[in-house]
Structures are given as structure tokens and as C-alpha cells.
Amino acid sequence: MQITDSTVAIVTGGASGLGGATVRRLVADGAKAVILDLPSSPGADLAAELGDRVRFVPTDVRDGDQVQAAVDAARELGELRIAVMCAGVATPGRVIGRNGPLPLETYRSVIEINLIGTFNVLRLAAAAMLDNEPVDGDRGVIVMTASIAAFDGQVGQAAYASSKGGVVGLTLSAARDLADKNVRVMTVAPGTFMTPMLASLPDATKASLGAQVPHPARLGEPAEYAALVRHIIDNPMLNGEVIRLDGALRMPPR
């Protein structure tokens, strides 16, 4: 699907990291964008930096009304044709840890943000896309974010891995549900990327994580994630699939 001057994207977790890089790439390629992120995020700063083609709408992806308000803001800018979901948390914890069983509320929170939040944006963005006339056969393209933890969940990743596994399981079903509506659904499963969470680690730790990647032996750059999102938008045959973006990394147990 071509990006035109009327194309609008919504990006969750769009204030920084993978989402921030995606906003920058899509705006550079001619789209308008709405950043969905928490009020405490640097979303307003990024929107101010990128100019009047970008809006920041403080959003908790678990809240239907807040996501709908962001979708409405996108439609005010033009035609909502792209939705990219990067919002997520990676709260660690073993099923049975030093203090006993993993608190159910901890598990529930990760599932609600990573999986239910993703579905919440998927359903509302797709509904808005139905009003679009097809461009290159598509009314819209939705890109969700899983993780290689969905396949290679490590010790302490029970909540995170299962939430991302849910996103993987959602991909084909949602793509089939929306196929007759000319909306494509894809998922990217990144490996270890230089996100704000990893950027705060000591240099030696980052170097060690990067060395585990077969090739290239380094952490991924958010711009590389954004480049794949752009290719998914462009390539009409990419639908209903999960793409690992990991440099051939397979995570060890710990």
C-alpha cells in the first residue's frame, strides 16, 4: 500500500524505542501520525519536534475510550490506514519465586497491556479503516509486535512470553477475519533491540547481549524495526504472518 499525503498512522508506544523510530520513519516517508503513549512519556516532545503532521494523544491501550479518542484524532488528520502496536511491558517473575507464587495481579497486568491492549487497538483501528476506499487493494495495514520470547521464553518470562504468544496466536485469525474487508494484519517478533529498557543497562551487559546474536552480533536498532514495518506496508502479499527480526538468535533458558 502506498503512503500518500492523506495517509495517517497510529503508533502505540510511539514516544520512544521501536514505536518512536516507526513514527519518525512513517512521517519521513510522507504519512501523518498520532502517537499513543502514557502521559508520562516523551510523546509531546516528539510530536513538537516532528511538527504539525504529528499529534500526541495520551493513551492507556487497555482503555477503550482512550484508544477511540486517539483513533478519532487520527481521522481528523486524514485517512487512518496504518496501525502499529509497540506498547508493552516486560515485567519479570518466575512462576514460583523466592517469595512464593508469581502474584496473579502481576501476570494479569502484563497480559492486559501486551495482549488485551494490542487487541483493543486492533479492533478499533480496523473498524475505522472500513470507511477508507482501497489503495492498492488495501483499506489498511495493521502491524502488531510480539517477541522472540513468544517462542523462546526464558526463565522469569512466564507473563511476558505468554502475552506475546497470545499476539502470535492472534495474527492469523485476525488476518482471516479482516481479509474480506481488505485490511492486512502482520506481526513482527523482535529479538534483542536497543530500546530504552536495554539502553539503561551497563555497556558490558549490552555488549554481552549483542554477542549472543549470531549475525549481526549486536543489538538491533529501532530503525531496523521501522524499516520492516515500512516494507510490510508496501508489500501486499505480507498478511497473516509473524516475522522474527532477530539475527538468527534463539534465546537460551536464561
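The sections below set out a description of the structure shown in this document. Keep in mind that this is a model prediction, so the values were computed, not measured.

1. Comments concerning the side chain of aspartate 138
Within the secondary structure layout, aspartate 138 lies in the loop between α4 (104-129) and β7 (140-145). Judged by its relative accessible area of 6%, aspartate 138 falls in the buried class. Those residues in contact with aspartate 138, other than ones at most four positions away along the chain, are Met1, Arg81, Glu133, Asn182 and Arg184.

2. With respect to the packing of α4 against helix α5 (residues 158-179)
Taken N-terminus to C-terminus, the directions of α4 and α5 make an angle of 20 degrees; their axes are 8 Å apart at the nearest point. Between α4 and α5, the crossing angle belongs to the class labelled roughly parallel. As α4 packs across α5, the resulting crossing turns out to be right-handed. Contact with α4, carried on its side by Tyr107, Val110, Ile111, Asn114, Leu115, Thr118, Phe119, Leu122 and Ala126, involves Ala158, Ala159, Tyr160, Ser162, Ser163, Lys164, Gly166, Val167, Leu170, Ala174 and Leu178 of α5 and no other residues of that element. Class assignment for the residues of the contact of α4 with α5 results in 14 nonpolar, five polar and one charged.

3. Thoughts on the pattern of salt bridges
Evaluation of the coordinates by the stated rule reveals 17 salt bridges. One salt bridge in this structure joins aspartate 131 and arginine 75, with 2.3 Å as the shortest N-O distance. Here arginine 75 lies in helix α3 (residues 64-77) and aspartate 131 lies in the loop between α4 and β7, a separation of 56 residues in the sequence. For aspartate 131, a relative accessible area of 55% gives the class exposed. Note that arginine 108 and glutamate 105 form a salt bridge whose closest N and O atoms lie 3.2 Å from each other. On the criterion of helical spacing, the pair formed by arginine 108 and glutamate 105 is a turn pair, its members being three residues apart in helix α4. Looking at arginine 108, the relative accessible area reads 36%, which means it is partly exposed. According to the relative accessible area criterion, glutamate 105 is partly exposed, its value standing at 49%.

4. A short note on the sheet that holds strand β3 (residues 54-58)
Taken together, seven strands build an open sheet; the order of strands is β3-β2-β1-β4-β7-β8-β9 and the sheet is parallel. Edge strands, defined here as strands with exactly one partner in the open sheet, are β3 and β9 (242-245). Sheet twist, expressed as the mean angle between neighbouring strand axes with direction ignored, is 20 degrees. One ladder, built from six bridges, connects strand β1 (residues 7-12) with strand β4 (residues 79-85); its direction is parallel. Bridging from a neighbouring strand, valine 11 pairs with valine 84 of β4. Strands β1, β2 (32-37), β3 and β4 of the sheet are contacted by α3, whose axis makes an angle of about 165 degrees with β2.

5. Overview of unusual backbone geometry
In this structure, the amide linkage connecting histidine 215 to the following residue, proline 216, adopts the cis form with an omega of 0 degrees. As for its placement among the helices and strands, proline 216 is situated in the loop between α7 (203-211) and α8 (222-234). For aspartate 136, which is not glycine, the phi dihedral falls at a positive 55 degrees. Here aspartate 136 shows up in the loop between α4 and β7. Looking at aspartate 136, the relative accessible area reads 46%, which means it is partly exposed.

6. Considering α4
Relative to the 38 Å expected for 26 residues at 1.5 Å per residue, α4 spans 36 Å between its end C-alpha atoms, a close match to the ideal helical length. When the local axis directions of α4 are compared, the greatest deviation, roughly 35 degrees, occurs at glutamate 112.

How each quantity is defined
- Residues numbered from 1 in each chain as written.
- Predicted model: local features only at pLDDT ≥ 70, side-chain atom pairs only at ≥ 80, totals over all residues.
- Heavy atoms only, no water.
- Helix = DSSP H or I, 4+ residues; strand = E, 2+ residues; numbered from the N terminus.
- Buried < 20%, exposed > 50% of the residue type's maximum accessible area, 1.4 Å probe, protein only.
- Contact = heavy atoms within 4.5 Å.
- Axes fitted to C-alpha atoms, helices over the stretch in contact; angles between N-to-C directions.
- Parallel < 35°, antiparallel > 145°, perpendicular 65-115°, else oblique.
- Left-handed = near helix turned anticlockwise from the far one by under 90°.
- Nonpolar A, V, L, I, M, F, W, Y, C, P; charged D, E, K, R; others polar.
- Salt bridge = Lys/Arg side-chain N within 4 Å of Asp/Glu carboxyl O.
- Pairing = 2+ DSSP bridges.
- Expected span 1.5 Å × (residues − 1).
- Bend = angle between axes of the 7 residues up to and from the residue.

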